[in-house]
Every structure is written in C-alpha cells, then in structure tokens.
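# Structural overview
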Protein chains: 2
Amino acid sequence: MSEQFVYHPIGIIHSEHTDPAHGPIQPCYADGCLGTVEVFDQYVEGLKDLEGYSHIILLYHCHRARPCPMLVKPFIQDKEHGLFATRMPGRPNPIGMSIVPLLSREGGVLHVGRIDVLDGTPLLDIKPYSRRFDRVDNTRNGWQDEVDDETASARGRRP
Amino acid sequence: MSEQFVYHPIGIIHSEHTDPAHGPIQPCYADGCLGTVEVFDQYVEGLKDLEGYSHIILLYHCHRARPCPMLVKPFIQDKEHGLFATRMPGRPNPIGMSIVPLLSREGGVLHVGRIDVLDGTPLLDIKPYSRRFDRVDNTRNGWQDEVDDETASARGRRP
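Not measured: the values here are computed from a predicted model.

The next subject is the overall build of chain A. Per the secondary structure count, chain A includes 2 helices and 9 strands. The linear arrangement of helices and strands in chain A, starting from the amino end, is β-β-β-β-β-β-β-β-β-α-α. Relative to the 2.2 N^0.38 estimate, which gives 15 Å for 159 residues, the radius of gyration of chain A is 16 Å and therefore close to what a compact globule would have. Dimensions of chain A, computed from the C-alpha atoms along their principal axes, are close to 45 × 45 × 35 Å. Look at the contacts in chain A between residues 6 or more apart in sequence, and 77% of them connect residues 24 or more apart. In the form shown here, chain A has an accessible surface area of approximately 6,700 Å², with 50% of it arising from carbon and sulfur atoms. When the 17 basic and 22 acidic side-chain charges of chain A are each reduced to a single mean position, those positions are 4 Å apart.

Spelled out as structure tokens, the structure:
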C-alpha cells in the first residue's frame, strides 16, 4: 500500500459560488465577491494576530472537483498542458490555494474579499501572506505569458 | 467522526537538509541550496510545460514536524502569535508550502534552487507560480513587519 496522509477540516469557507461550472477561477478575477472563513472553535486561538496581515493564503480541499487527466486545457487557454503546469482543481491531491485580502476578523470568523472558492469548501490551513516569503518579482510565467490580460480576465471570471 | 481527506505522495523532495532543528525556514533564506523534486512515474506527463515557469509552488507533507500548540513563538521573533499567523510546520494539517526557482526539468526530476525542505519530504502537489495569481504588491505583513530584514535573515537561516 502507498503511504497516505489523513487530514481533517479546520473550518469551512462560505461564498456566493455554488456552481462548479461558473464563478471566478482565481481571486484576481473575483472582485466584489465577499466571503467568510469559519474556523472551528478548537483552532480559533491560532488566529491571534492574523488580522495584522492584509492578505492570507487559504489552503482547502476541492471537494467538488472531478479528477483531471494528466494533460488538460486550462480555463484561460485552448491548449493542452500538463496538469501541474496549470491550477485546475482536479489534482491527484485536490488541494486548492487562494490568496485573498483579509478584511476583518471577528473571533473565529474571517471576512475576506475576492473569494473564488465554492461555498461549503472544507478549509485545511491558513497561512499569512508574507512579502518576504511569497512575493516574487520578475517571473517567467510559462504558457500564461501567451495569454493577454484581457482574455485571461474575461475567461477567468466565468460569468 | 469528523470528515477526513486521504492524500498520497506524488513524489519525494531531496535536499541537503536532514536535521529538523537546523536549515533555512523559507526559500528566501536558502540561497545556494540546490534540491531535486522526484515525481513518480504515473504523474510525469502532468509536468509538461512546467519548465516555462521560472518559479513553482511545492506543497508537501511536513513529515517530521511535531504538532504545535495554538500559540507559538516563530523562528524570527521572540513573541507569541497564533499558529495560523506564522508559517511553523507543525500545523493541524501539516502542509508545507515553498516557492522555489525551477532551474531545469529532466523527465520526472525537477532541479530547483533555494530549497528549504527536509530531505525525503513527501510531495503533495506542484503548482506553477503565476504573476497574475500569486504576486501581491503593497501588503501589510503583521508581526513580520516588526522584524528587520537583517534579523529575519540571520535567524531564518538557522545555520
């Protein structure tokens, strides 16, 4: 048997997005979409000082994603690429990642902006977004550099 | 019983770091540390076109992390913060995340720079780092803004 790791939800993400076939594919295409992140009681103490950060990284289990083949066409381009060269949700381990603005915290409830996550998604982890650790300037962005901003934005919103 | 998710490794991360008590805490403190990411055969097709990206996001299972309490002192500051306001590895779901430069790919082997991950760490996912999705300018960085770059760098290297 292959090695395995068992994870449990630490909370639930609430949003206006209920249809896996529609809605923004990333926070940058989700302006105006407010959401809440509900963290379960036993983990609330671990949120102390998170509100000092303007942005947080949500890791979550893509509970409604169907497994993808190893070659896929991403949402914003009609060319086939390797699954790991895309952000498609149906990965071998379907861990989703979204970097969202943290608007405020009330106890175990985080109010966030630009939420692109489906309503009811199980939360696995929260990390603070750090200028030192997470911002990379001057990147090459593979096939995404072939897609202009206007096309990416129009297709990434999935209205 | 609480809901649970079962994940499997898709590969293994190899590095020079073998002692959980030493070594860089993040890629930005790991200059000169070369590593390889070995992706298992059944997933290699999914790496197609990844080499077009200058940086990739590794998600992995922190297999040697001990569970942390909900309040912790991070490596680079002697003040207590909520676990989720830090990047400590011993999280309820111990998913580590590192953004590293991708130097080259040979089939299922990725050569990466600035590796901060312990040797033998099970790989969960690879995502391409995208300027559009992952770079955030003008962030507030909570307690980390209280730590000057020199202190963060000296303590973050953990020689």
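Following the structure, the description resumes.
All names here are of chain A. With antiparallel pairing, 6 strands are arranged side by side around a closed barrel as 2-3-8-7-4-9. Averaged over all neighbouring strand pairs, the angle between strand axes comes to 45°, with direction disregarded. Bridge analysis of strand 2 (residues 11–14) against strand 3 (residues 35–39) gives 4 bridges, and the strand direction is antiparallel. By the bridge assignment for strand 3, G11 is matched with V39.

Turning next to the relation of the copies chain A and chain B. Of the two same-sequence chains, chain A is brought onto chain B (RMSD 0.0 Å, axial shift 0.0 Å) by a rotation of 180°. In short, the pair behaves as if placed about a two-fold rotation axis. Comparing contact sets, 100% of the residues at the interface of chain A also lie at the interface in chain B, consistent with an isologous, same-surface contact.

Right, let's talk about empty space enclosed by the protein for a bit. Within this structure, the stated rule accounts for 1 cavity of 30 Å³ or more. Here the largest cavity defines a volume of roughly 30 Å³. Lining the largest cavity are A:S130, A:R131, A:R132, B:N141, B:Q144 and B:D145. Looking at side-chain class alone, the lining of the largest cavity contains no nonpolar, 3 polar and 3 charged residues.

Within the closed barrel, the 6 strands sit side by side as 2-3-8-7-4-9 (chain B). Their pairing is antiparallel. Put simply, the sheet's adjacent strands are angled 45° from each other on average, direction ignored.

Frequently, the measure chosen for interface size is the accessible area removed from exposure when the parts meet. Contacts between the two partners involve 73 residues from chain A and, on the opposite side, 73 residues from chain B. At the boundary of chain A with chain B, total buried surface from both sides reaches about 7,300 Å², with 54% on carbon and sulfur atoms. The largest contributions to the chain A side of the interface with chain B come from A:Y7, A:R132 and A:F133, which together make up 12% of the buried area. Put simply, chain A and chain B have 10 salt bridges between them. Here A:R132 and B:D149 are joined by a salt bridge, their closest N and O atoms 2.9 Å apart. Between chain A and chain B we count 56 residue pairs in polar contact (both at pLDDT 80 or more) in total. Take the side of chain A that touches chain B: its biggest share by element is 6 residues, from strand 9 (residues 121–128) of chain A. Here the residues of the side of chain A that touches chain B sort into 34 nonpolar, 21 polar and 18 charged. Two strands pair when backbone bridges link them, and strand 1 (residues 5–7) of chain A and strand 1 (residues 5–7) of chain B are joined in this way by 3 bridges, in the antiparallel orientation. From the neighbouring strand, A:Y7 faces strand 1 of chain B, where its bridge partner is B:F5.

Bringing the UniProt feature "domain: TsaA-like" (unreviewed entry) in chain A into the picture now. Mapped onto the present numbering, the UniProt feature "domain: TsaA-like" (unreviewed entry) falls at residues 7–138 of chain A. Helix and strand shares over residues 7–138 of chain A are 3% and 34% respectively, and the end C-alpha atoms of the span are 35 Å apart.

Calculation criteria
Residues numbered from 1 in each chain as written. Chains lettered and ligands numbered in written order. Predicted model: local features only at pLDDT ≥ 70, side-chain atom pairs only at ≥ 80, totals over all residues. Heavy atoms only, no water. Helix = DSSP H or I, 4+ residues; strand = E, 2+ residues; numbered from the N terminus. Rg over C-alpha atoms; globule rule 2.2 N^0.38 Å. Contact = heavy atoms within 4.5 Å. Areas by Shrake-Rupley, 256 points an atom, 1.4 Å probe, with all protein chains shown as cover. Lys, Arg positive; Asp, Glu negative; His and termini not counted. Charge placed at Lys NZ, Arg CZ, Asp CG, Glu CD. Pairing = 2+ DSSP bridges. Axes fitted to C-alpha atoms, helices over the stretch in contact; angles between N-to-C directions. Least-squares fit on C-alpha atoms with pLDDT ≥ 70 in both. 1 Å grid on protein atoms, 1.4 Å probe; cavity = no way out; pocket = protein on both sides within 12 Å on 5 of 7 lines; lining within 4 Å. Points joined across faces, edges and corners; volume = space filled by probe spheres on them. Nonpolar A, V, L, I, M, F, W, Y, C, P; charged D, E, K, R; others polar. Buried area = accessible area lost by both parts, 1.4 Å probe. Salt bridge = Lys/Arg side-chain N within 4 Å of Asp/Glu carboxyl O. Polar contact = N/O pair within 3.5 Å; in protein donor to acceptor, adjacent residues only side chain to side chain. UniProt positions renumbered as here; feature names shortened; annotations may be inferred.

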